[in-house]
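The chain contents come next:
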Amino acid sequence: MKQFLILYFLIPIKLISQSADSIINNFKEVNAIIKNIDCTDGQLISNRAMNLFMADRVGYYLANHENLTFCKNNVTLNTGTGIFSMTHSFFEPTGADLPLKSFNALGLKANIFDAYKATKNKTTFNNELGITYKQFWLSKPKTILNNCDEKTASNSSSELIFNELKNEITLKSTNFEMELLGISNLNEKIKKELKRGFYASLNEEYSRKFATAQFRDLFENMRFKKTSMNWTNLSVFVPVIRQRYIVASDLNSNFNVKKSYPAALSINHTRFSEWKNATKVYVNLRAGLLSNNSINTTILENYTLETYRGLGGKNVSYFLDKQLDRASIGDFRNFLTPNLSAQIVYFPPQNHFGISAKLEQNFGKFKALNGTLGIPVVLIDKQSYALSNFEIQIHFFDLSNSLNYSKKLNDNISIGLTWGQAIGRNVY
């Protein structure tokens, strides 16, 4: 043992500490940069730590595939529309201490309730399945402090975090070098390869630890008056299967299969703000363009076999031969529907329950004004991170009665539930 320790201390010090020192020096430089920023600029922690902080705060609302999440993967479900989505982010960290500025994501969107409804109602399958692509552009978070004492306290906390992690890195590096020294018959090439892998892993582990520790310190102490950011995202939906409908132009005509290709394009802009007491506000403006049709917009209604027969329909045999219970009567058309919407989501102080309100105005052949009132709920894990998102929604369809003047408001109200789940690590 004594001979081993003598041999260990005789090896060049730089060989042991060079990679560990580079990791430590990088953290030291980041700390120095943040420390020297004036308190009026409001930057309390490193950029990567702030990415993690905003990932958690923004993650309080996830109701559909267009909403922002910093997580590598997420899934959403809307019982009102039957739409299920999966999304994967292609963001890859560079290792530098930079704010998250942009990333893109690819996913799938499908109406998973369609087969059940079609079977139950004995109608054709709509087969709504397609690929989603999203591009996000994010602003750098902006923080306003109550006073400069908050900056001083945050700098002190970061220094303590740095010193603790520095000791851990040094200890792990020393132990690794001693273990490597104790392995016989290792040539220099293999040693270099093992060291490269060890220090790359050590750097990734402690880069996240360094950022997470700063994020947790800010989260637990909330040393600011207000923090905010905004983002813009472009979303494209490309169907891979056409929708199919059974339609007759009138009661005396034959039924035919009509097809639709429900592609969609939208651009969103969202502004997010949070105050020291954890009050959160999201304001979203959206412009969209949808390839629509007469049935999806309820311009044409479905008729059951009983109703069709009662109205004097001449092709009852088609219902019986195809074993259908319902089909549409009227002039089926495919058309484009531009729309504009505005939404506000509010979470009261220190609360995981909120309220949301949305208005959507459609233009063109389909001119309906739709509204949604929601109660968003976020479930947190044992570390108080945002985990799962739910929203109970009350939908008000065609508030201006542009489609059917005989209907009352109560006739156009429906209830739905959304679920959003982020999966995997938050990017930073």
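The preceding data block contains the structure.
Heads up: these notes are all about the structure in this document. (Residues numbered from 1 in each chain as written. Predicted model: local features only at pLDDT ≥ 70, side-chain atom pairs only at ≥ 80, totals over all residues. Heavy atoms only, no water.)

Take the overall build of the protein next. The number of helices and strands found in the protein is eight helices and 17 strands. For 428 residues, the compact-globule formula gives about 22 Å, and the C-alpha radius of gyration of the protein, at 29 Å, lies well above that figure. Along the first, second and third principal axes, the C-alpha atoms of the protein reach 105 × 55 × 30 Å. Within the protein, the fraction of its 428 residues that count as buried is 45%. In the protein, the proportion of contacts linking residues at least 24 apart, taken out of those at least 6 apart, comes to 69%. Split by element, the accessible area of the protein, about 22400 Å² in all, is 57% carbon and sulfur. (Helix = DSSP H or I, 4+ residues; strand = E, 2+ residues; numbered from the N terminus. Rg over C-alpha atoms; globule rule 2.2 N^0.38 Å. Buried < 20%, exposed > 50% of the residue type's maximum accessible area, 1.4 Å probe, protein only. Contact = heavy atoms within 4.5 Å. Areas by Shrake-Rupley, 256 points an atom, 1.4 Å probe, with all protein chains shown as cover.)

The angle between the axes and the distance between the axes are what describe a pair of packed helices. The N-to-C vectors of helix 3 (residues 47-58) and helix 6 (residues 188-221) enclose an angle of 55°; their axes lie 8 Å apart at closest approach. Overall, the two elements helix 3 and helix 6 adopt an arrangement that is oblique. Between helix 3 and helix 6 lies a crossing whose hand is right-handed. Between helix 3 and helix 6, the residues in contact are Arg-48, Ala-49, Met-50, Leu-52, Phe-53, Asp-56 and Arg-57 and Ser-207, Arg-208, Ala-211, Thr-212, Gln-214, Phe-215, Leu-218 and Phe-219, respectively. (Axes fitted to C-alpha atoms, helices over the stretch in contact; angles between N-to-C directions. Parallel < 35°, antiparallel > 145°, perpendicular 65-115°, else oblique. Left-handed = near helix turned anticlockwise from the far one by under 90°.)

Turning our eyes to something else, we now look at the pairing of strand 7 (residues 243-248). Regular strands place side chains that alternate from one sheet face to the opposite one. A large share of strand 7 lies buried, amounting to five of its six residues. The pairing of strand 7 with strand 8 (residues 256-260) spans five bridges and is classified as antiparallel. Within the sheet, the bridge partner assigned to Tyr-245 lies in strand 8 and is Lys-258. (Pairing = 2+ DSSP bridges.)

Once that is clear, we can look at the nonpolar core. Counting 37 residues, the largest nonpolar core has Phe-53, Met-54, Leu-68, Phe-70, Leu-138, Trp-231 and Tyr-282 as the members making the most contacts within it. For this core, the secondary structure elements donating two or more residues are helix 3, strand 4 (129-138), helix 6, strand 6 (226-239) and strand 13 (334-347). Per element, the largest residue contribution to this core is seven residues, and it comes from helix 3. If sequence neighbours within four positions are ignored, Trp-231 has contacts with Val-58, Leu-68, Phe-136, Trp-137, Leu-138, Asn-268, His-269, Thr-270, Phe-272 and Tyr-282. Ile-23, Ile-34, Ile-169 and Phe-210 belong to the second largest nonpolar core, which has 16 residues in total. (Core = buried A, V, L, I, M, F, W, Y, C linked by side-chain atoms within 4.5 Å.)

What follows deals with the sheet that holds strand 7. Strand order in this open sheet of four strands is 8-7-12-11, and the pairing throughout is mixed. Looking along the sheet, the strands with just one partner apiece sit at the ends: strand 8 and strand 11 (302-304). Recorded for the sheet is a direction-independent mean angle of 55° between the axes of neighbouring strands.

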